[in-house]
Amino acid sequence: MPEGHTLHRLARLHQRRFAGAPVTVSSPQGRFADSAALVDGRVLRRASAWGKHLFHHYADGPIVHVHLGLYGTFTEWARPNDVSLPEPVGQVRMRMVGADYGTDLRGPTVCELLDEGQVGDVVARLGPDPLRGDADPSWAWARITKSRRPIGALLMDQTVIAGVGNVYRSELLFRHRIEPFRPGREISQTAFDAAWTDLVALMKVGLRRGKIVVVRPEHDHGPPSYLPERPRTYVYRRAGEPCRGCGATIRTAVLEGRNVFWCPQCQV
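Here, residues in each chain are numbered from 1, in the same order as that chain's written sequence. Reporting in this predicted model follows two pLDDT cut-offs: at least 70 for local features of residues, and 80 or more for side-chain atom pairs to be given and counted; totals over whole chains, interfaces and linings ignore these cut-offs and use all residues. Derived side-chain values reflect all non-hydrogen atoms in the structure, with water molecules and hydrogen atoms excluded from consideration.

Asks: When you look at the side chain of Thr233 in this model, what are you seeing that I'm missing?
Replies: Here a helix means four or more residues in a row that DSSP labels H or I, a strand means two or more in a row labelled E, and each is numbered from the N terminus. Topologically, Thr233 is positioned in the loop between helix 7 (189-209) and strand 9 (251-255). When a residue's accessible area, from a 1.4 Å probe over protein chains only, is under 20% of the maximum for its type it is buried; when over 50% it is exposed; and in between it is partly exposed. Classification of Thr233 as buried rests on a relative accessible area of 3%. Between N or O atoms, a polar contact is any pair within 3.5 Å; within protein, one atom must be a potential hydrogen donor and the other a potential acceptor, and residues adjacent in sequence are included only when both atoms are from side chains. Separated by 3.0 Å, the side chain of Thr233 and the backbone oxygen of Tyr236 make a polar contact. Every residue pair with non-hydrogen atoms within 4.5 Å of one another is taken to be in contact. The residues touching Thr233, leaving out its near neighbours within four places in the chain, are Glu171, Val214, Val215, Tyr226, Arg238 and Arg244.

Next comes the structure, spelled out in structure tokens:
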């Protein structure tokens, strides 16, 4: 599932490509057709993101809300002059076309039309987003310090912190030597503050580079990444391999339905 930096990159991209001018919106698949017709031809005022949620804000009020989920993706294509639009490939839920570019959305968990109040309801259910300037980490800390749930689960709870997925969760806990099954109420505020500051910095790198970069330069060697062309990780998807720091065997377990990865020696 895309993590928060991916949605913020999409918001920035759509802002550059489409904002400030009328756009053509359609639903080749048909599932979004009625809502697409209500924004078709309107000016896209701006694109924004909160955690894993993307919003397209149109003139006179309508807002398209997208959550990519596990399989959703946007595919962009250039629109040369006097060339017909490409035929949709696969199940395109929403197609947005501007003067120079178009983008096709496939496979989202959510693609819906909301008003300002409904967007407020969505945001009200979310925790602070580390990539937003208005993020208030004290909201997350208040939830964590009162909870008996494992910190590894709390970090993935979008009502606690918005935008953190499995990679950032596992890697952040490793970088701060916190065992993922430790109850939230046993995390000190000093440890939380340090982790939050680090998370903001890491996600800003992800936003800038389009990749999750978590391994410090002195550890960026040895066994390759879990996938070609992906930056190395400390623990994520490295179960059974040696820790890049101490050499102990990386472990994995299911925590509230998702695999978490950790080093049993570095994270105690």
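The structure having been displayed, the exposition proceeds.
Asks: I tried to follow the sheet that holds strand 3 (residues 53-58) on my own but got confused; where do I start?
Replies: Two strands in a sheet stick together by hydrogen bonds in their backbones, pointing the same way (parallel) or opposite ways (antiparallel). Two strands pair under a simple rule: DSSP has to find at least two bridges between them. Reading across from one edge, 2-3-4-8 is the order of the four strands in this open sheet, with antiparallel pairing throughout. At either end of the open sheet lies a strand with only one pairing partner, and these are strand 2 (44-50) and strand 8 (110-114). Taken pair by pair, the neighbouring strands of this sheet meet at an average axis angle of 15 degrees, ignoring direction. As judged from the six bridges shared by strand 2 and strand 3, these two strands associate in the antiparallel manner. What sits directly across from Arg46, in strand 3, is His57. Here the axes come from fitting lines to C-alpha atoms, over the contacting stretch only for helices, and the angles between their N-to-C directions go from 0 to 180 degrees.

Asks: I keep staring at unusual backbone geometry and nothing clicks. Help me out?
Replies: Negative phi is the rule for most residues except glycine; trans is the rule for most peptide bonds. Of note, Asp60 is a non-glycine position whose phi angle comes to about 70 degrees, a positive value. Of note, Asp60 is situated in the loop between strand 3 and strand 4 (63-67). Its identity is not glycine, yet Glu229 carries a phi of approximately 65 degrees, on the positive side. Looking at where Glu229 falls in the secondary structure, it is placed in the loop between helix 7 and strand 9.

Asks: Looking at this model, I keep getting lost on the nonpolar core. Mind explaining?
Replies: The nonpolar side chains of soluble globular proteins are, as a tendency, buried together. In this structure, Ile151, Ile161, Tyr168, Phe174, Phe192, Leu199 and Cys263 are the most contacted members of the largest nonpolar core, which totals 37 residues. Contributing elements (two or more residues each) for this core: helix 4 (137-145), helix 5 (151-154), helix 6 (166-175) and helix 7. For this core, the leading source of residues is helix 7, giving eight residues. Those residues within four positions of Cys263 in sequence are excluded, and the remaining contacts are Phe174, Val235, Cys243, Cys246, Ala248 and Ile250. Nonpolar core, defined: a set of buried Ala, Val, Leu, Ile, Met, Phe, Trp, Tyr and Cys residues in which side-chain atoms within 4.5 Å join the residues together.

The analysis is restricted to geometry; functional conclusions fall outside its scope.
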